[in-house]
Amino acid sequence: MAELILRDLAKTYPGASTRATDDVSLDVADGEFMVLLGPSGCGKTTLLRMVAGLELPDAGQIVIGGKDVTYLEPRRRNLSMVFQSYAVFPNKKVADNIGFGLRMRGVPADGVRRKVEWAADLLQLRPYLDRYPSRLSGGQRQRVAVARAIVMDADILLMDEPLSNLDALLRLNFRAELKKLVAELGTTTLYVTHDQVEALSLGDRVAVLRDGVLVQCGPPGAVYDEPADEFVGGFLGSPPMNFLTGTVCTDEGRPRVDFGGQSVPVPAALSSYHGKRLRLGIRPEAIQLGDGGGLRGELQVLEPLGASALLTTDVCGQTIKVQAPATFRAEPGRRLALRLPVDQCRWYDPETSLLLE
Ligand code: ATP
């Protein structure tokens, strides 16, 4: 096991006009599960490939366990990688697939067998050791790929969207299995995904990337509750965080933000924004339906979602999504009182999109 440190990693592919990664710095603690999250093209895979040694950075440094590995050959970095495609050898039985790397390393047959059986037990592959991959399901094949990676006792485990080829139910089950497995192994892990649910579920910390830039890094709860900018608030959560634009005014000496005839209080620290615009960010599930206080919205659409109901409401011409109890019933056009708990409101600068205070 080892700590992984990325320092100012910059990479521009030949002929590209923008940087694939832009001075990314990240410390992954020994035994930590770090998720790289972001939309397609944000540079996640490029970062992972630089750590693996499959891509060289233009500038910056990669340190594993105190050793600078930036320009070291991949096979000398002592890391294992699991790819999105199952990447198993079709002409080798499951046991031979799992033990392949160990045999290449010259581990004696006995040692290989013991390690293969250990991994097969962890990943529930015992009954399939003598099968060829063509006779396995997608989920089982991906388990083989994970087993092959963990037998190597690598310092760092790298995973690039390992669940993305699985169907929804399999993905859900395998996600939980993977979480349990990695917790048991305690291996430092860097995990790439564009799926925010996966990131929140698996990560000790989540690093959100956008256009090659690391926007925010923190525990899943913190990144979800206090998005550093509007992009993060919009990317995490389904439906995403609501954002409303208003103007700061004063009512009986207290600062409020007005959305066009309706207003809510803002923290005193933001009174310096008097007369200026502010953006309010609030999660759909943080809004309470009830009497009095808050904002008045007009119900436009009610979508029953099984465990809850999603309401689309109009507040002074701006849309707010509200997550309501599954039992909520109302016809479109109905006026609703939306209470916005002060501790759930986040404030953003409309120019920079950055979280204020
Ligand atoms: P995805 O989720 O779609 O895999 P990603 O976040 O992993 O995306 P990267 O694959 O790292 O993103 O790509 C980052 C940027 O670099 C993108 O703009 C992409 O088009 C570009 N890029 C990636 N690989 C190459 C390459 N081999 N040559 C040129 N440009 C590349």
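Definitions and limits used
Residues numbered from 1 in each chain as written. Predicted model: local features only at pLDDT ≥ 70, side-chain atom pairs only at ≥ 80, totals over all residues. Axes fitted to C-alpha atoms, helices over the stretch in contact; angles between N-to-C directions. Helix = DSSP H or I, 4+ residues; strand = E, 2+ residues; numbered from the N terminus. Parallel < 35°, antiparallel > 145°, perpendicular 65-115°, else oblique. Left-handed = near helix turned anticlockwise from the far one by under 90°. Contact = placed C-beta atoms within 7 Å. Nonpolar A, V, L, I, M, F, W, Y, C, P; charged D, E, K, R; others polar. Near = placed C-beta within 6 Å. Domains from an automatic or database assignment. Core = buried A, V, L, I, M, F, W, Y, C linked by C-beta atoms within 7 Å. Buried ≥ 20, exposed ≤ 12 C-beta atoms within 10 Å, placed from the backbone.

A few words now on the packing of helix α4 (residues 138-150) against helix α5 (residues 168-185). Where α4 contacts α5, the axes come no closer than 11 Å and their chain directions differ by 15°. Accordingly, the angle class assigned to the pair α4 and α5 is roughly parallel. By crossing handedness, the relation of α4 to α5 is classed as right-handed. Across from Gly138, Gly139, Gln142 and Ile150 in α4, the residues of α5 making contact are Leu170, Phe174 and Leu185. When the residues that make up the contact of α4 with α5 are grouped by side-chain class, the tally is four nonpolar, three polar and no charged.

A few words now on the site of the ligand. Taken together, Tyr13, Ala16, Ala20, Gly38, Ser40, Gly41, Cys42, Gly43, Lys44, Thr45, Thr46 and His194 make up the full set of residues adjacent to the ligand. Broken down by class, the residue content of the shell around the ligand amounts to four nonpolar, seven polar and one charged.

Taken domain by domain, the protein holds domain 1 (4-235) and domain 2 (242-348). Just the C-alpha atoms count here: the centres of domain 1 and domain 2 sit 39 Å apart. Facing the four residues of domain 1 at the interface are five residues of domain 2. Taken together, the residues that form the side of domain 1 that touches domain 2 break down as one nonpolar, one polar and two charged.

Ranked by size, the top nonpolar core spans 67 residues in total, and within it Leu36, Ala147, Leu190 and Ala207 carry the most contacts. Take this core: its biggest share by element is six residues, from α4. Setting aside residues up to four positions removed in sequence, leucine 190 forms contacts with Leu4, Val28, Met34, Leu36, Leu48, Val51, Ile156 and Leu158. Counting 19 residues, the second largest nonpolar core, distinct from the first, contains Val248, Val264, Ile320 and Ala324.

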